[in-house]
Amino acid sequence: MHMSTTPPLYRRLATHYRGAIEAGSLRPGERMPSLRNLMRLHDISLSTALQLCRTLESDGWAEARDRSGYFVRQPKRLRMAPMDEPPAGQRPDPAQYVGIHARVSAFVAQRRAAEIKLNLSIARAAPQLYPAEALRSGMSRALRLRPELLAGVPPLQGDPAFRAVLAKRTLAAGMTLAPEDVLVTNGCIEALNLALRAVAKPGDTIAVESPTFYGLLQVLESLGLRALEIPTSPQTGLSIEALDLALQTYDDIKAVVVIPHLQNPLGSVMPDAHKQRLVRLCERHGIALIEDDTYSELLDVDSAPRAIKSWDKASANGNVIHCASLHKILAPGMRLGWIAAGRWQPRVEMLKYAQTRNNEVLSQIGAGEFMATGAYDRHLRRLRTALAGQRERTAEAIARYFPAGTRLNLPNGGLQLWVELPGGLSSERLFDAALREGILVAPGWLFSNTARTDHFLRLNCGWPYDDALDTGLRRLGALAAGSTRSD
Ligand SMILES: Cc1ncc(COP(=O)(O)O)c(C=O)c1O
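Residues numbered from 1 in each chain as written. Predicted model: local features only at pLDDT ≥ 70, side-chain atom pairs only at ≥ 80, totals over all residues. Heavy atoms only, no water.

**Structural notes on the packing of aromatic side chains**
Part 1: If you walk through the whole model with that rule in mind, you get seven aromatic pairs.
Part 2: Taking 5.9 Å as the distance between ring centres and 45° as the angle between the ring planes, the aromatic pair formed by Phe213 and Tyr214 counts as tilted.
Part 3: The class for Phe213 is partly exposed, based on a relative accessible area of 22%.
Part 4: Relative to Phe456, the ring of Trp418 lies with its centre 5.0 Å away and its plane at 10°, an arrangement referred to as stacked. Of this pair, Trp418 sits in strand E13 (residues 416-420) while Phe456 sits in strand E16 (residues 456-460); the two residues are 38 residues apart in sequence, bridging distant segments of the chain. A single burial state applies to Trp418 and to Phe456, both of which are buried.
Part 5: Chaining the aromatic ring pairs together yields one cluster made of Phe213, Tyr214, Trp418, Phe447 and Phe456.
Part 6: Its end group placed over the ring of Phe71, Arg65 keeps NZ or CZ at 4.0 Å from the ring centre.
Part 7: In this structure, Arg400 is placed above the aromatic ring of Tyr401, and the distance from its NZ or CZ to the ring centre is 5.8 Å. (Phe/Tyr/Trp six-rings, centres within 6.5 Å; stacked < 30°, edge-to-face > 60°. Buried < 20%, exposed > 50% of the residue type's maximum accessible area, 1.4 Å probe, protein only. Helix = DSSP H or I, 4+ residues; strand = E, 2+ residues; numbered from the N terminus. Lys NZ or Arg CZ within 6 Å of the ring centre and 35° of its normal.)

The following block contains the structure:
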């Protein structure tokens with residue numbers, strides 16, 4: 001399980017040296033221990049010592065100098081200021097709601113009309129970072145041995161073995177779910193649709209983080225629900241105080257949706273104490289708490305973070321709805337997600353039946369078999385390691401190429417960076433200018449009904465860092481600098 005996985009030795013040592021550099025015990029310009037010393041100090045081979053130094057180098061923490069070994073470098077990104085916290089006492093304003101469909105449609109239309117050379121707008125890793133071959137062979141085997149799979153009708157709730165694997169893995173996040181508590185869905189997006197339809201009706205208000213994943217804003221709008229945007233910290237996620245204030249002020253809030261780990265787009269991670277307070281607050285006000293767990297497995301921590309649902313006590317009658325997905329972590333092509341809806345589970349199953357019937361079963365069998373072996377954790381470990389390097393290098397490129405005053409918080413995992421442009425520079429102008437050159441970014445205005453995110457953009461870090469990506473980021477930085485000057 002995620003709990004028992006550890007990164008490779010050279011990566012752990014790289015993290016150790018990075019910590020020493022951040023803490024100042026190794027200073028910029030200072031020489032790193034020689035390869036021979038590293039071998040002796042850590043009892044490692046020459047190739048591990050070399051991998052360690054190359055990792056520090058590619059992450060921007062060290063540089064090789066001709067014949068004299070490796071030296072500590074101060075990553076430029078450390079000189080970038082972190083983002084501001086939302087102002088305390090800010091009262092969420094329902095009048096800000098304008099709907100997001102028109103913005104998303106405009107974004108999609110512009111994207112379709114352009115010739116995209118570099119797509120930084122998505123939140124997904126490169127295809128080669130997913131275990132396609134292992135999944136393919138599992139699915140082919142299943143089809144060879146059980147051709148009746150195509151002719152029979154699969155169970156509505158999903159393949160039993162797959163649900164059992166999913167339920168078992170939730171133990172690491174502190175949940176105790178039986179396979180029957182899990183319903184397989186068409187990605188997390190269907191899980192969210194079902195959760196919202198189960199707890200609210202058109203015209204109701206749903207509290208969400210601000211900014212948040214534009215897909216969620218679209219779901220709300222398409223169901224006739226109104227989003228109430230709650231101030232959210234780029235570090236610790238949803239402001240519990242602001243939600244409390246909103247719940248005291250408005251009585252038509254039916255649910256709150258949060259992305260506790262690696263929030264999209266902020267990358268924030270909610271501390272356990274906040275999760276616990278949130279659970280109690282929602283219980284007290286009798287509103288549903290919907291947890292979107294799309295990114296937990298991508299968090300760079302030693303043990304799996306606790307799910308909000310792990311605090312959902314039977315006495316509260318299952319007030320937390322847990323929605324999750326394998327889309328970002330296992331196989332974007334399979335569209336597999338799931339939901340554990342607590343006391344709303346029967347209603348959610350009825351809605352799923354009415355809406356889409358069962359999911360097809362072959363991909364569930366392929367995913368379930370793969371996830372039941374150690375290969376799944378090895379895959380996740382490799383994915384997290386690759387993403388860590390890509391995030392570091394993308395953040396470093398932003399620090400190097402973007403205009404002074406650009407800000408970002410480097411998240412502790414995940415697929416994306418949320419970048420604040422300096423001087424009120426509009427991300428819309430940058431989006432237009434970049435698109436004319438075939439570079440697609442996700443502009444900040446997709447992530448909120450308010451104008452607060454107009455000078456932000458979200459950049460994907462799922463692609464291996466290569467020359468084309470470096471050139472694209474340099475160009476994006478130059479376009480941002482050009483726009484700043486002409487403002
Ligand atoms: C926070 C969040 N929730 C849900 C989704 C959609 O998940 P899926 O692709 O599994 O439907 C995404 C995809 O970007 C996301 O970022």
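**Section: the packing of helix H9 (residues 240-249) against helix H10 (residues 272-285)**
Part 1: The N-to-C vectors of H9 and H10 enclose an angle of 5°; their axes lie 10 Å apart at closest approach. As judged from the angle between their axes, H9 and H10 are roughly parallel. Taking contact as the criterion, the partners of Ile240, Glu241, Leu243, Asp244 and Leu247 in H9 are, on H10, His274, Arg277, Leu278, Leu281, Arg284 and His285.
Part 2: Its residues assigned to classes, the contact of H9 with H10 shows five nonpolar, two polar and four charged. (Axes fitted to C-alpha atoms, helices over the stretch in contact; angles between N-to-C directions. Parallel < 35°, antiparallel > 145°, perpendicular 65-115°, else oblique. Contact = heavy atoms within 4.5 Å. Nonpolar A, V, L, I, M, F, W, Y, C, P; charged D, E, K, R; others polar.)

**Some words on the pairing of strand E1 (residues 62-65)**
Regular strands place side chains that alternate from one sheet face to the opposite one.
Part 1: The pairing of E1 with strand E2 (residues 69-72) spans four bridges and is antiparallel. By the bridge assignment for E2, Glu63 is matched with Phe71.
Part 2: Adjacent in sequence and paired antiparallel, E1 and E2 are bridged by three residues, among which Arg67 carries a positive phi angle near 60°. (Pairing = 2+ DSSP bridges.)

**Looking at the side chain of Thr394**
Part 1: Turning to its location among the elements, Thr394 is positioned in helix H13 (residues 374-401).
Part 2: According to the relative accessible area criterion, Thr394 is buried, its value standing at 2%.
Part 3: Setting aside residues up to four positions removed in sequence, Thr394 forms contacts with Leu417, Cys461, Tyr465 and Leu473.

**A short note on the environment of Gly69**
Part 1: Within the secondary structure, Gly69 sits in strand E2.
Part 2: The exposure class assigned to Gly69 is partly exposed, which follows from its relative accessible area of 32%.
Part 3: For the pair Gly69 and Pro422, spaced 353 residues apart in sequence, the C-alpha separation works out to 37 Å.
Part 4: Beyond its immediate chain neighbours, meaning those up to four positions away, Gly69 contacts Glu63 and Ala64.

**A short note on a positive patch on the surface**
Part 1: Residues Lys76, Arg79, Arg393 and Arg400 make up a contiguous surface patch of positive charge.
Part 2: Tracing the backbone through its elements, the reader meets Lys76 in the loop between E2 and helix H4 (101-113). (Patch = residues over 30% accessible without salt bridge, like charges linked within 9 Å, V, L, I, M, F, W, Y side chains within 5 Å. Areas by Shrake-Rupley, 256 points an atom, 1.4 Å probe, with all protein chains shown as cover. Salt bridge = Lys/Arg side-chain N within 4 Å of Asp/Glu carboxyl O. Lys, Arg positive; Asp, Glu negative; His and termini not counted. Charge placed at Lys NZ, Arg CZ, Asp CG, Glu CD.)

**Some remarks on the pairing of strand E10 (residues 320-325)**
Part 1: Burial analysis of E10 places six of its six residues in the buried class, which makes it a mostly covered element.
Part 2: Burial along E10 is two-sided: the face carrying Val320, His322 and Ala324 and the face carrying Ile321, Cys323 and Ser325 are both buried.
Part 3: When strand E9 (residues 288-292) meets E10, the two strands line up parallel, connected through four bridges. Paired with Ile290 across the strands is Ile321, a residue of E10.
Part 4: Direction of pairing for E10 relative to strand E11 (residues 336-340): antiparallel, over a ladder of four bridges. Opposite Cys323, over in E11, you have Ile339 as the bridge partner.

**Description of the nonpolar core**
Part 1: Grouped together as the largest cluster of nonpolar side chains are 75 residues, with contacts concentrated most on Leu196, Ile290 and Leu459.
Part 2: The biggest single contributor to this core is helix H7 (residues 187-199), with eight residues.
Part 3: Setting aside its immediate chain neighbours within four residues, Ile290 contacts Leu192, Ala195, Leu196, Val199, Ala255, Val256, Val257, Val258, Ile321 and Cys323.
Part 4: One finds Tyr130, Val182, Ala307 and Ala340 within the second-largest nonpolar core, a separate group that totals 36 residues. (Core = buried A, V, L, I, M, F, W, Y, C linked by side-chain atoms within 4.5 Å.)

**Section: the site of the ligand**
Part 1: Neighbouring the ligand are 13 residues, the closest being Asn264, Asp292, Tyr295, Ser325 and Lys328.
Part 2: Cys188 places a main-chain nitrogen or oxygen 2.8 Å from an oxygen atom of the ligand.
Part 3: Contact with the protein chains removes 93% of the 400 Å² of surface that the ligand exposes when unbound.
Part 4: Here the element with the most residues in the shell around the ligand is H7; it accounts for three residues.
Part 5: Of the residues contributing to the shell around the ligand, the split by class is five nonpolar, five polar and three charged. (Near = heavy atom within 4 Å. Polar contact = N/O pair within 3.5 Å; in protein donor to acceptor, adjacent residues only side chain to side chain.)

**What about the pattern of salt bridges?**
Part 1: Inspection of the entire model under this criterion finds 20 salt bridges.
Part 2: In this structure, Arg77 and Glu392 form a salt bridge, with 3.3 Å as the shortest nitrogen-oxygen distance. Here Arg77, found in the loop between E2 and H4, pairs with Glu392, found in helix H13; they are 315 residues apart in sequence, far enough to count as distant. Side by side, Arg77 and Glu392 carry an identical accessibility label, which is buried.
Part 3: Linked by salt bridges that have partners in common, Arg18, Arg77 and Glu392 make up one network.

**Focus on the sheet that holds strand E12 (residues 407-408)**
Part 1: Taking strand neighbours across the sheet as the criterion, the four strands line up as E12-E13-E16-E15 in an open arrangement whose pairing is antiparallel. With one partner strand each, in any of the chains shown, E12 and strand E15 (442-443) form the two edges of the open sheet.
Part 2: Relative to E16, E13 is paired through five bridges, and the arrangement is antiparallel. Residue Leu417 lies in a different strand from E16, and its bridge partner there is Leu459.

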